[in-house]
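Structure assessment
For reference, the chains in residue letters:
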Amino acid sequence: IELTRNEEKDYKILFEEMPPKIEELQKRAAAFAAKYDNFDYSTEALYIHAMIPLEYADLGRSMKPPKGLSEEQEFAYYDILEEKVYPQFATPEELGFTRLKDLISKAKTLKRHSPAIDKARKELNSRIPSDWPDVKKEIQGETESVAPIPIEPVKMRMDEPEEGQ
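The following refers to the structure shown. Owing to the predicted nature of the structure, the values given are computational and were not obtained by experimental measurement. (Residues numbered from 1 in each chain as written. Predicted model: local features only at pLDDT ≥ 70, side-chain atom pairs only at ≥ 80, totals over all residues. Heavy atoms only, no water.)

**Examining unusual backbone geometry**
In the Ramachandran plot, arginine 5 falls in the positive-phi region, its phi being about 70° despite a non-glycine side chain. If you trace the backbone, arginine 5 turns up in the segment before α1 (7-35). Classification of arginine 5 as partly exposed rests on a relative accessible area of 28%. Phi angles above zero are rare outside glycine, and lysine 111 is one such case at about 55°. For lysine 111, a relative accessible area of 77% translates into the label exposed. (Helix = DSSP H or I, 4+ residues; strand = E, 2+ residues; numbered from the N terminus. Buried < 20%, exposed > 50% of the residue type's maximum accessible area, 1.4 Å probe, protein only.)

**Some points on the pattern of salt bridges**
In this structure the tally under the stated criterion is five salt bridges. Among the ionic pairs, lysine 119 bridges to glutamate 44, the shortest N-O distance being 2.6 Å. Within this pair, whereas lysine 119 is found in helix α5 (residues 115-127), its partner glutamate 44 is found in helix α2 (residues 39-61), the two being separated by 75 residues in sequence. By relative accessible area, lysine 119 is classed as partly exposed at 35%. The residue glutamate 93 makes a salt bridge to arginine 61 at a minimum N-O spacing of 2.9 Å. Taken together, the positions of glutamate 93 in helix α4 (residues 90-110) and arginine 61 in helix α2 put the pair 32 residues apart, joining distant regions of the chain. One network of salt bridges, in which partners are shared, links Asp58, Arg61, Glu93, Glu123 and Arg127. (Salt bridge = Lys/Arg side-chain N within 4 Å of Asp/Glu carboxyl O.)

Right under this line is the structure:
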């Protein structure tokens, strides 16, 4: 879904049409996660469940001023968006973050892993890199574990006595 840059249409999309669809989608994702006893499938459903409010927040924050405004009017419009509209999407964003964190902690508790856990970590890293650093990749390959050491007699070196001794 993309916003139209028409204030009335965008408001209708974001605050009237989307909430019931989001609610229904969240219910379906939660029901899917609860229904199946497969860890991979349930974590994928929980990942989708967490991403729904994050995508909604992203959509809301992508709202822009209508076309045809002067530069001054556009700055004023952005000020209004930042003060009154964008803060409304902080709650869904926090909900998504909480769900992603819960998904990762659930996997840690169960000592299990799935591709959805990797996606959750990557998503948190892209949004909060200071709190969720990127997972370092393991270097794979082979190395020689035997180092040839030359065996030869060691020459003893006698230090010359210093003057005055």
